Amino acid sequence: MDLDETDLAIARGLQTDGRLTYETLAQQVGLSRPATRMRVQRLQESGAVRIVAIAHPAVHRLTASAHLAIDTEGASAPVAREIAALPQAPFVTLTSGRRSIMTELRTAGFGELERTIEHIRAMEGVRTVDPLVATRHVKDPYLLAEEPTVALQDEVDERILAELEEDGRLPFAELAGRVGLSAGATRSRTLRLLEGGVAKVVALVRPDVLGMGYLCGFSLRVAGAAAQVAERVAGLSRVTFLSTCLGRAELVGTITAESFAAVRATLEEMRELPQVREVESWLHLELIKEQYNMGPRPA
């Protein structure tokens, strides 16, 4: 799909707020409302942009997470697809480097995390599983940093959230029909959940759509406390994700860049930090799964 500068401006606006009105988007990009609506629909239908609500992990009790580097015996793609079928795995890629698969796990506690890792170890074709257990998400484009100030009140709230996790731009009138309330009551409940930090609606945009099609994962070993280094690394513009962790490294993250040269330059910036002792990196070759709407589906 060929995108022009107006398409890119719309995608970036929806990354900030996936429920921006067509009127607001139209004003931002200099188009009429109907033309803006048509472009948003085209972006969604093409698969370049998906607009979904992402709930705060606490809402679904997803209190534990880890990053797994996985090596396989034989082809990696079938194993990656099997891992992607797990509801605990929101992110799975095929990668270059020492390991052929990278996946993120988010689970309801460390007991489930351990069981999920053991399940992956037992999969046919898996040779090695090397986990990094996250201790703090320092930078995450999809994770709400602050704890929610409100809670889900009842099954109707749960239904609203579940519908928005599937389609973050559902009009209030259509959402009302699905949950059995008036449009006004549905709007009031939805705004309470969004403004209270229960969830946020964002556009998941393929990096290549924005001219940032080079994804590089990295892990860092550091001397001393990791917190100070983490803040420095998180401040690098092309670092889009960063966690502190336990395991073979103290930090793990992702670089999203416009070229191999930009990836290399960012890795060099990390190597120049005096507390960084070791940098390991890998390229994300193929995105198998990226799905952060991880809540249970109401009956």
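Being a predicted model, the structure only gives us computed values, none of them experimental.

A. Expanded view of the side chain of T72. You can see T72 is positioned in strand 2 (residues 64-72). There is a polar contact of 2.9 Å between the side chain of T72 and the side chain of S76. Not counting chain neighbours up to four residues away, the residues in contact with T72 comprise V79, S100, I101, G125 and R127.

B. How the structure looks around the side chain of T103. As for its placement among the helices and strands, T103 is situated in strand 4 (residues 101-107). A polar contact is formed between the side chain of T103 and the backbone oxygen of F91, at a distance of 2.9 Å.

C. Spotlight on empty space enclosed by the protein. Counting across every chain of the model gives two cavities of 30 Å³ or more. For the second largest cavity, the full set of lining residues is A53, I160, L161, L164, T190, L193, L194 and A199. Put simply, the parts of the chain that give the lining of the second largest cavity at least two residues each are helix 6 (155-166) and helix 8 (183-195).

D. Representation of the packing of helix 1 (residues 5-16) against helix 2 (residues 22-29) in the model. Closest axis-to-axis distance for the helix 1/helix 2 pair is 10 Å, and the angle between their directions is 130°. When the interaxial angle is binned, helix 1 and helix 2 end up oblique. Crossing angle aside, the handedness with which helix 1 passes helix 2 is right-handed. Residues T6, A9, I10, G13 and L14 of helix 1 lie in contact with helix 2, whose contacting residues are L25, Q28 and V29.

E. Region of interest: the sheet that holds strand 2. On the basis of which strands lie adjacent, the closed barrel formed by eight strands has the order 2-4-3-10-7-9-8-5 and antiparallel pairing. Neighbour to neighbour, the strand axes of the sheet diverge by 35° on average, direction disregarded. For strand 3 (residues 91-95) and strand 10 (residues 276-290), the ladder comprises five bridges, and the chain directions are antiparallel. When the bridges of strand 10 are listed, T93 appears paired with L287. Where helix 10 (residues 260-271) meets the sheet, its contacts fall on strand 7 (214-222), strand 8 (239-246), strand 9 (251-257) and strand 10, and the angle it forms with strand 7 comes to roughly 10°.

About the cut-offs
- Residues numbered from 1 in each chain as written.
- Predicted model: local features only at pLDDT ≥ 70, side-chain atom pairs only at ≥ 80, totals over all residues.
- Heavy atoms only, no water.
- Helix = DSSP H or I, 4+ residues; strand = E, 2+ residues; numbered from the N terminus.
- Polar contact = N/O pair within 3.5 Å; in protein donor to acceptor, adjacent residues only side chain to side chain.
- Contact = heavy atoms within 4.5 Å.
- 1 Å grid on protein atoms, 1.4 Å probe; cavity = no way out; pocket = protein on both sides within 12 Å on 5 of 7 lines; lining within 4 Å.
- Points joined across faces, edges and corners; volume = space filled by probe spheres on them.
- Axes fitted to C-alpha atoms, helices over the stretch in contact; angles between N-to-C directions.
- Parallel < 35°, antiparallel > 145°, perpendicular 65-115°, else oblique.
- Left-handed = near helix turned anticlockwise from the far one by under 90°.
- Pairing = 2+ DSSP bridges.

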